[in-house]
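# Coordinate inspection notes
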Amino acid sequence: MAQAVLQAELRTGRGRSCRNKLAAQGRVPAVVYSKHIGSLAVETELRRLEAILNSETGRNTLINLQVGGSGNYQVLIKEMQTDPVRQMLLHVDFQQISLKEKIHTTVPLHLTGEPAGVVQGGILQQSLRELEISCLPTDIPETVTVDVAALNMGDAITVADIAAPPGVTVLTGGETVVASVLAPVLEKEPAAEPAAEEAPPAEE
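Residues numbered from 1 in each chain as written. Predicted model: local features only at pLDDT ≥ 70, side-chain atom pairs only at ≥ 80, totals over all residues. Heavy atoms only, no water.

## Notes on the overall build of the chain
- Secondary structure assignment for the chain yields three helices and 13 strands.
- Across the 204 residues that make up the chain, the buried fraction comes to 35%.
- The contacts in the chain between residues at least 6 apart in sequence include a share of 64% that link residues at least 24 apart.
- Put simply, the chain shows about 12,800 Å² of open surface, and 50% of that area lies on carbon and sulfur atoms. (Helix = DSSP H or I, 4+ residues; strand = E, 2+ residues; numbered from the N terminus. Buried < 20%, exposed > 50% of the residue type's maximum accessible area, 1.4 Å probe, protein only. Contact = heavy atoms within 4.5 Å. Areas by Shrake-Rupley, 256 points an atom, 1.4 Å probe, with all protein chains shown as cover.)

And the structure:
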């Protein structure tokens, strides 16, 4: 897996005032967590970080974080804090990792193929969109592809049916349904209302 390079600087400020000041400069506060150094407060360029998040590997991108005055750290994005209204990135937690130690993470599931049951009028339903896995950081796949072309009406694919990529151990339970083809729901026609009885003619 290719690594992304991200420049950062040590950060001394804290709190909302620091965050607002950095935002005005196009930067975002972050913390690097490590077994060896504990935690390290840093700041980095927001646009560059967003470009990494929008790449094919997204949050699973292996990042070479180059911190001026401290050194280089191999990290993955652990947590992100985002403004719920403006969807603006407010803070990031990086986790230093070893390229020789397996980690737990999640990767997106992508369905491919047109199920036979859909051709027959069924409806494809994807029940699982992420897969929990364990692997070396360099073996994290961008996505796991699941072929659903053989699914007939009423069939389902579970996690146990997925062939894991080389070096990857699947942690999600094997019985978990990934996708299924459901029969279409037929709407019942409303029952016809009984004809109204004619009132007898009034006597004169």
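## Details of the layout of surface pockets
- Roughly 320 Å³ of volume is contained in the largest pocket.
- As for the largest pocket, its lining consists of 18 residues, of which Arg-59, Asn-60, Ile-77, Thr-105 and Thr-106 are closest to the centre.
- The dominant element in the lining of the largest pocket, judged by the number of residues it contributes, is strand E7 (residues 103-112), at six residues.
- Here the residues of the lining of the largest pocket sort into seven nonpolar, six polar and five charged.
- In this structure, the second largest pocket spans a volume of roughly 200 Å³. (1 Å grid on protein atoms, 1.4 Å probe; cavity = no way out; pocket = protein on both sides within 12 Å on 5 of 7 lines; lining within 4 Å. Points joined across faces, edges and corners; volume = space filled by probe spheres on them. Nonpolar A, V, L, I, M, F, W, Y, C, P; charged D, E, K, R; others polar.)

## Quick look at the packing of aromatic side chains
- In total, this model carries zero aromatic pairs according to the counting rule given.
- A cation over a ring is seen here: Lys-78 above Tyr-33, with NZ or CZ 5.6 Å from the ring centre. (Phe/Tyr/Trp six-rings, centres within 6.5 Å; stacked < 30°, edge-to-face > 60°. Lys NZ or Arg CZ within 6 Å of the ring centre and 35° of its normal.)

## Overview of the sheet that holds strand E8 (residues 123-126)
- Strands sit in the order E8-E13-E11 across an open sheet of three strands; the sheet is antiparallel. Strands with a single pairing partner mark the edges of an open sheet, and in this sheet they are E8 and strand E11 (156-158). The mean angle between the axes of side-by-side strands here comes to 10°, regardless of whether they run parallel or antiparallel. (Pairing = 2+ DSSP bridges. Axes fitted to C-alpha atoms, helices over the stretch in contact; angles between N-to-C directions.)

## Remarks on the environment of Thr-57
- Residue placement: Thr-57 occurs in the loop between helix H2 (46-53) and strand E4 (63-68).
- With 50 residues separating them in the primary sequence, Thr-57 and Val-107 have C-alpha atoms 8.9 Å apart.
- Only 2.5 Å separates the side chain of Thr-57 from the side chain of Thr-61, close enough to count as a polar contact. (Polar contact = N/O pair within 3.5 Å; in protein donor to acceptor, adjacent residues only side chain to side chain.)

## Points about the pairing of strand E10 (residues 144-147)
- Residues of E10 alternate between two faces, with Val-144 and Val-146 buried on one and Thr-145 and Asp-147 left unburied on the opposite face.
- Of the pairings in the sheet, the one linking E7 to E10 comprises four bridges and is parallel in character. Directly across from Leu-111, in E10, lies its bridge partner Val-146.

## So, the environment of Ala-4
- On the secondary structure map, Ala-4 appears in strand E1 (residues 4-10).
- In sequence terms Ala-4 and Ile-52 are 48 residues apart; their C-alpha atoms lie 7.3 Å from each other.

## Digging into the pattern of salt bridges
- Evaluated as defined, the whole model comprises three salt bridges.
- Between Arg-86 and Asp-83 there is a salt bridge, with its nearest N and O atoms 3.6 Å apart. (Salt bridge = Lys/Arg side-chain N within 4 Å of Asp/Glu carboxyl O.)

## Quick look at the environment of Ala-23
- On the secondary structure map, Ala-23 appears in helix H1 (residues 15-24).
- Considered as a pair, Ala-23 and Leu-90 are 67 residues apart in the sequence and their alpha carbons are 8.3 Å apart.

## Concerning the sheet that holds strand E9 (residues 130-135)
- The four strands are arranged E10-E7-E9-E12 in an open sheet whose pairing can be described as mixed. Each having just a single partner strand, E10 and strand E12 (169-170) make up the two edges of the open sheet.
- Here E9 runs beside E12; their pairing, made up of two bridges, is antiparallel. Paired with Ser-134 across the strands is Thr-169, a residue of E12.

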